[in-house]
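Each chain, letter by letter, is given below.
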Amino acid sequence: MSGAFSLEGKSAHAAAWRDDDNAPWMITLPAGEFMMGASDDDKFANDTERPVHAVAVPAFALARGPVTVAEFRAFAPSHAINDDPAWPVNGVGWEDANNYCGWLTQTAGRPYRLPTEPEWEYACRADTLTPFSTGWELTAAEANFLYRESGERIGPGARTQTGTYPPNAFGFHDLHGNVCEWVADAWRPSYAASPADPMRRTVRGGGWDYLPRLLRSSWRDALPPETRRDNLGFRVATSELP
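An account of the accompanying structure is given in this report. (Residues numbered from 1 in each chain as written. Predicted model: local features only at pLDDT ≥ 70, side-chain atom pairs only at ≥ 80, totals over all residues. Heavy atoms only, no water.)

1. Looking at the overall build of the chain
No. 1: When its secondary structure is counted, the chain shows three helices and 11 strands.
No. 2: Listing each helix as α and each strand as β along the chain from the N terminus yields β-β-β-β-β-β-α-α-α-β-β-β-β-β.
No. 3: Radius of gyration (C-alpha) of the chain: 17 Å, near the 18 Å computed for a compact globule of 242 residues.
No. 4: Its C-alpha atoms give the chain principal-axis dimensions of about 45 × 40 × 40 Å.
No. 5: Taken over 242 residues, the chain has a buried fraction of 53%.
No. 6: If you take every contact in the chain between residues at least 6 apart in sequence, the share linking residues at least 24 apart comes to 65%.
No. 7: With an accessible surface of roughly 10200 Å², the chain has 52% of that area assigned to carbon and sulfur atoms.
No. 8: Treating the 22 positive side-chain charges of the chain as one cloud and the 32 negative ones as another, the clouds have centres 2 Å apart. (Helix = DSSP H or I, 4+ residues; strand = E, 2+ residues; numbered from the N terminus. Rg over C-alpha atoms; globule rule 2.2 N^0.38 Å. Buried < 20%, exposed > 50% of the residue type's maximum accessible area, 1.4 Å probe, protein only. Contact = heavy atoms within 4.5 Å. Areas by Shrake-Rupley, 256 points an atom, 1.4 Å probe, with all protein chains shown as cover. Lys, Arg positive; Asp, Glu negative; His and termini not counted. Charge placed at Lys NZ, Arg CZ, Asp CG, Glu CD.)

2. Comments concerning the pattern of salt bridges
No. 1: This structure, assessed with the given rule, holds 15 salt bridges.
No. 2: The partner of Arg 204 in a salt bridge is Glu 117, with the nearest N and O atoms 2.7 Å apart. One end of the pair, Arg 204, is in strand S8 (residues 197–204); the other, Glu 117, is in helix H3 (residues 117–125), with 87 residues separating them in the sequence. Exposure class is identical for Arg 204 and Glu 117. Each is buried.
No. 3: A salt bridge links Arg 148 to Glu 152; the shortest N-O distance between them is 2.9 Å.
No. 4: Taken together, the shared-partner salt bridges connect Glu 117, Glu 121, Arg 125, Arg 204 and Arg 220 into one network. (Salt bridge = Lys/Arg side-chain N within 4 Å of Asp/Glu carboxyl O.)

3. Some points on the packing of aromatic side chains
No. 1: Here the structure, examined in full by the defined rule, presents 11 aromatic pairs.
No. 2: Considering the side-chain rings of Phe 34 and Tyr 122, the 5.5 Å spacing of their centres and the 45 degrees angle between planes classify their relative orientation as tilted. Note that Phe 34 is positioned in strand S4 (residues 32–36) and Tyr 122 in helix H3, a separation of 88 residues in sequence.
No. 3: By relative accessible area, which is 6% here, Tyr 122 ends up buried.
No. 4: For the pair Phe 75 and Tyr 100, a centre-to-centre distance of 5.9 Å together with 80 degrees between the ring planes defines the contact as edge-to-face. Here Tyr 100 lies in helix H2 (residues 94–108) and Phe 75 lies in the loop between helix H1 (69–73) and H2, a separation of 25 residues in the sequence.
No. 5: A relative accessible area of 28% means that Phe 75 is categorised as partly exposed.
No. 6: Taken together, the aromatic side chains of Phe 72, Phe 75, Tyr 100, Trp 103 and Phe 234 make up a single cluster linked through ring pairs. (Phe/Tyr/Trp six-rings, centres within 6.5 Å; stacked < 30°, edge-to-face > 60°.)

4. Observations concerning the nonpolar core
No. 1: Core analysis: the largest hydrophobic core is formed by 33 residues, its most contacted members being Phe 72, Trp 182, Phe 234 and Val 236.
No. 2: Elements supplying a minimum of two residues to this core: strand S6 (60–63), H1, H2, strand S7 (180–187) and strand S10 (232–234).
No. 3: Among the elements that take part in this core, H2 stands out by supplying six residues, more than any other.
No. 4: Other than its neighbours up to four places away in sequence, Phe 72 contacts Val 67, His 79, Val 89, Val 92, Asp 96, Tyr 100 and Phe 234. (Core = buried A, V, L, I, M, F, W, Y, C linked by side-chain atoms within 4.5 Å.)

5. Description of the pairing of S8
As a general feature of sheets, a regular strand has side chains that alternate between the two faces.
No. 1: Across four bridges, the pairing between S7 and S8 is antiparallel. Counted as the bridge partner of Trp 182 is Val 203 from S8.
No. 2: Examined bridge by bridge, S8 and strand S9 (residues 220–223) share four bridges and lie antiparallel to one another. Following the sheet pairing, Thr 202 is matched in S9 by Ala 222. (Pairing = 2+ DSSP bridges.)

6. Concerning the pairing of strand S3 (residues 26–29)
No. 1: Residues Met 26 and Thr 28 point to one face of S3 and Ile 27 and Leu 29 to the other, with burial holding for every one of them.
No. 2: Bridge count for S3 against S6 is four bridges, and the pairing is antiparallel. Counterpart to Thr 28 in the pairing with S6 is Ala 61.

7. What about the sheet that holds S9?
One key point about sheets: their strands pair by backbone hydrogen bonds, in either a parallel or an antiparallel sense.
No. 1: Taken together, the four strands give an open sheet; going across it, the order is S9-S8-S7-S10, and neighbouring strands pair in mixed fashion. The sheet is open, and its two borders are formed by S9 and S10, each paired with just one other strand. The sheet shows a mean angle of 50 degrees between the axes of neighbouring strands, taken without regard to direction.
No. 2: Packed onto the sheet, H3 meets S7, S8 and S9 and runs at close to 145 degrees relative to S7. (Axes fitted to C-alpha atoms, helices over the stretch in contact; angles between N-to-C directions.)

Below, the structure written as structure tokens:
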């Protein structure tokens, strides 16, 4: 490992680590249990986020922020050559994200992958039950999004460098806003006993051009795996811990 990073989150579990200079910074989370999905008092929730249910999550590590342009260029040197290297990478499909994970596994010597939906939400919630890890509201000082719920434009209108906004209590940046994020799971239209749709993959987190309601910890959406957008990126996870 190349070093450690002191976490700013008040309740952060551990310092960040990475395998080499090209690898994302990771934060290890211990095994735990949390309530996944939207509560009945979340006025913006819908049936895709319910029923709320207890989920046990084994110990794992998740990237501190979305994979950046610079980190992705180590895998694909010609990608987005005019982008700020510190922005979250965008314009990548689900297979692109998985190919990056495969490359990182080979170069870093540790098996990397996309996070599962429960892992992603566990990290995003950071021991909270409210719609956001910040509470019932999310301000423009806490995340990169474009509009208030009233429709007033308040955000920067573009991606921002990873780490621009404060981390959550576990030390993670940009789980609310900046870019939506691919996760590993095939889409299921609810958490009830519904079959997975192998033609669509799940997206979490919300993007820089969204309203706060689409940045909630429980928000989820489905996209074809070949989708590439200017507000869509990913972060990596691993179950093989240092």
